[in-house]
Amino acid sequence: MENVTLKRSLGLWAIVGLGLGYMTPTIAFDTFGIVSKETNGAVPLAYITALTVMLFTAFSYGKMVQVFPSAGSAYTYTRETMSPHLGFIVGWAALLDYILLPMVNALIIRLYMESIFPGVPAWVWVLSYVVIITLVNIWGIGKTSSLNSMLVLFAIILIVVFIVLAFIKLSQGMGQGTIFTTEPLFHANVQLGAVLTGATVVCFSFIGFDAVTMYAEEAVDQKIMPKAIMLTVFIGGAIFFVTGFFAQALFPDISNFKVTDDTLPEIGLYVGGTLFKLFLIAGAFAATAASGLASHSSVSRLLYVMGRNGMLPRKLFGYVHPTFRTPAFNVVLVGIISLLAITPSLELVTSIINFGALIAFTFVNLSVIAHFVFRLKRYKTGKDLFSYLIMPLIGTGLTGVLWSNLHLDALIGGIVWIVIGLLYMVFQTKILKTKISDFHFEEVG
């Protein structure tokens, strides 16, 4: 099994499509009520704030993926530039958001279906969805990419239709009564702390841009990875901002919503009636399924790299199916975890996801400094100083600002997860007498 490798079959736009699918373009509708409440009605401003942080961090991802074109992302970068032990903890933290995001998609699907068929038990929808997503991911990354692209395109078309209907509703006096308004961005109740708190909520929507680094070993040419990362951030950020702006202009506050945990069905109803509500749910269903495909495959590959390195049991987590050439065991494991979506709330899970994401973002920025400045001494020219020290320092600082505004539940849940990881590392190094520094990373083609 050691000679079986991941297959290089993904071009630039296939990888960007997987990134956008992971980000779920319609998630702005789902979390609108949560973010509008947190920001006092400044959802698009929260997206701009999060996008600014993501751009600096995306720059760092672009640098590191050229140096380490492997499927380990933040885990690999930290491990190779700083310390295997620290790399393990960063990888463990990243696992938190990677593992939970497929569950979020299953949870959102459950909420959609419950809004249409309230009498059907929740477990029916979760089980059906998880089984289909798991089987497609086992089948192969090419099939995953093709289906993902179709689903993302359908979701984007629905967002365009929403914008057209929003134009009509605003011109008829709904909400702000005009598209030429700055109220969604700036008004008397906007507070910096509230916007930053909202930004910590929406930053999980951008996780897809770093998830594309998981496909570095399956890209037809690894040189396209930095461009794929930046395109994913810009396109995804633009979609979120425009969607958030029109939604906030239509709904200056959340008083009209009966369910704030997932406002998408009601937004569709108020903007276009029952028919558009069904179409929007269908588009959101497609986008969520696309995210489910992409996130499910990404975390499976992170587990694969950690298993291949021996940081998780190699025989299980480092296994690649000889026929489908996918990490089949990991795909099934993520599917089992996703079944937990039967009961939790969207707000709770997304807040915990951000803990792991922000750890990953922080250490990717620091990895640039560790590798280029301290290891390669690339600081003797103004260009190098700007690229390898100033830019990642700004990215680290901005990520730190979001850190300081995380919800208490996210901090508690994240700390518990880190403690579990530390105990596992002690078990590996002290009880099993295994040195983490002996887990040597070997690039596969």
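Each remark here, short or long, concerns the structure printed above.
Conventions adopted
- Residues numbered from 1 in each chain as written.
- Predicted model: local features only at pLDDT ≥ 70, side-chain atom pairs only at ≥ 80, totals over all residues.
- Heavy atoms only, no water.
- Helix = DSSP H or I, 4+ residues; strand = E, 2+ residues; numbered from the N terminus.
- Rg over C-alpha atoms; globule rule 2.2 N^0.38 Å.
- Buried < 20%, exposed > 50% of the residue type's maximum accessible area, 1.4 Å probe, protein only.
- Contact = heavy atoms within 4.5 Å.
- Areas by Shrake-Rupley, 256 points an atom, 1.4 Å probe, with all protein chains shown as cover.
- Lys, Arg positive; Asp, Glu negative; His and termini not counted.
- Charge placed at Lys NZ, Arg CZ, Asp CG, Glu CD.
- Phe/Tyr/Trp six-rings, centres within 6.5 Å; stacked < 30°, edge-to-face > 60°.
- Salt bridge = Lys/Arg side-chain N within 4 Å of Asp/Glu carboxyl O.
- Patch = residues over 30% accessible without salt bridge, like charges linked within 9 Å, V, L, I, M, F, W, Y side chains within 5 Å.
- Axes fitted to C-alpha atoms, helices over the stretch in contact; angles between N-to-C directions.
- Parallel < 35°, antiparallel > 145°, perpendicular 65-115°, else oblique.
- Left-handed = near helix turned anticlockwise from the far one by under 90°.
- Nonpolar A, V, L, I, M, F, W, Y, C, P; charged D, E, K, R; others polar.
- Polar contact = N/O pair within 3.5 Å; in protein donor to acceptor, adjacent residues only side chain to side chain.
- Core = buried A, V, L, I, M, F, W, Y, C linked by side-chain atoms within 4.5 Å.

> Let's hear about the overall build of the protein: which residues, and what values?
A count of helical and extended segments in the protein gives 17 helices and zero strands. For the protein, the C-alpha radius of gyration of 21 Å lies close to 22 Å, the compact-globule estimate for 445 residues. Seen through its principal axes, the protein has C-alpha atoms that stretch 65 × 50 × 40 Å. Taken across its 445 residues, the protein has 59% of its residues classed as buried. Relative to all contacts within the protein whose residues are 6 or more apart in sequence, the contacts with residues 24 or more apart total 84%. Taken as a whole, the protein presents about 17,100 Å² of accessible surface, with 69% of it coming from carbon and sulfur. Measuring between centres, the 25 positive side-chain charges of the protein sit 10 Å from its 21 negative side-chain charges.

> Outline the packing of aromatic side chains, supporting the account with residue identities and numerical values.
What the rule picks out here adds up to 22 aromatic pairs. Ring centres 5.9 Å apart and planes at 20° place the aromatic pair phenylalanine 88 and tyrosine 424 in the stacked group. A residue pair is termed long-range when its members are at least 10 positions apart, and phenylalanine 88 in helix α6 (residues 84-116) and tyrosine 424 in helix α17 (residues 408-431) qualify at 336 residues. Ring pairing ties together the aromatic residues Phe32, Phe251, Phe257 and Tyr270, which thus form one cluster.

> Outline the pattern of salt bridges, listing residues and values.
According to the stated counting rule, one finds three salt bridges in the structure shown. Note that aspartate 384 and arginine 378 form a salt bridge whose closest N and O atoms lie 3.2 Å from each other. Given the relative accessible area of 13%, aspartate 384 is considered buried.

> How would you sum up unusual backbone geometry? Please name residues and give values.
In most cases, non-glycine residues show a negative phi, while peptide bonds are predominantly trans. For asparagine 40, which is not a glycine, the phi torsion comes out positive at approximately 60°. Here asparagine 40 lies in the loop between α3 (32-39) and α4 (43-67). Among the residues examined, asparagine 40 registers a relative accessible area of 35% and is labelled partly exposed. Phi is positive for lysine 377, which is not a glycine, with a value near 60°. Looking at the secondary structure, you find lysine 377 in the loop between α15 (346-375) and α16 (382-403).

> Go over a nonpolar patch on the surface, please, and point to the residues and values.
A contiguous nonpolar surface patch, about 460 Å² in accessible area, is contributed by Trp123, Leu127, Val131, Leu135 and Ile342. Structurally, tryptophan 123 is set in helix α7 (residues 122-139). A relative accessible area of 48% means that tryptophan 123 is categorised as partly exposed.

> How would you sum up the packing of α6 against α15? Please name residues and give values.
As a packed pair, α6 and α15 sit with axes 8 Å apart at the nearest point and diverge in direction by 150°. In terms of orientation, α6 lies roughly antiparallel with respect to α15. The element α6 and its partner α15 pack so that their crossing is left-handed. Counted together, Leu86, Val90, Ala93, Ala94, Leu96, Asp97, Leu100, Leu101, Met103, Val104, Leu107 and Ile108 of α6 and Leu346, Val349, Thr350, Ile352, Ile353, Phe355, Gly356, Ala357, Ile359, Ala360 and Phe363 of α15 form the full contact between these two elements. Across the contact of α6 with α15, the residue classes break down as 20 nonpolar, two polar and one charged.

> Give me the lowdown on the environment of proline 327, citing residues and values where you can.
Relative to the helices and strands, proline 327 resides in the loop between α13 (314-317) and α14 (328-338). Considered as a pair, proline 327 and arginine 301 are 26 residues apart in the sequence and their alpha carbons are 6.8 Å apart.

> Describe the side chain of threonine 134, naming the residues involved and giving the relevant values.
Within the secondary structure layout, threonine 134 lies in helix α7. Residues in contact with threonine 134, not counting those within four places in the same chain, are His296, Val331, Val332 and Gly335.

> Could you give an account of helix α5 (residues 73-81), naming the residues involved and the relevant values?
Of all nine residues in α5, eight are buried, a share of seventy percent or more. Among the residues of α5, those classed as buried are Ser73, Ala74, Tyr75, Thr76, Tyr77, Thr78, Arg79 and Thr81.

> Would you mind going over the side chain of threonine 263 in detail, with residue names and values included?
Locating threonine 263 in the fold gives a position in the loop between α11 (225-250) and α12 (264-308). A distance of 2.7 Å separates the side chain of threonine 263 from the backbone oxygen of phenylalanine 29, its partner in a polar contact. Sequence-distant contacts of threonine 263, that is, excluding residues within four places in its chain, are made with Phe29, Asp30, Phe32, Gly33 and Phe257.

> So what about the environment of glycine 237? Which residues, and what values?
Structurally, glycine 237 is set in helix α11. Owing to a relative accessible area of 2%, glycine 237 belongs among the buried residues under this scheme. Measuring from C-alpha to C-alpha, the distance between glycine 237 and glycine 292 comes to 19 Å, with 55 residues separating the pair along the chain. For glycine 237, the residues in contact, after removing those within four places along its chain, are Met23, Leu51 and Phe206.

> Lay out the nonpolar core with the relevant residues and their values.
Judged by nonpolar contacts, the single largest core of 136 residues is most densely connected at Tyr61, Phe162, Phe206 and Phe209. Counting residues per element, this core draws most heavily on α6, which supplies 21 residues.

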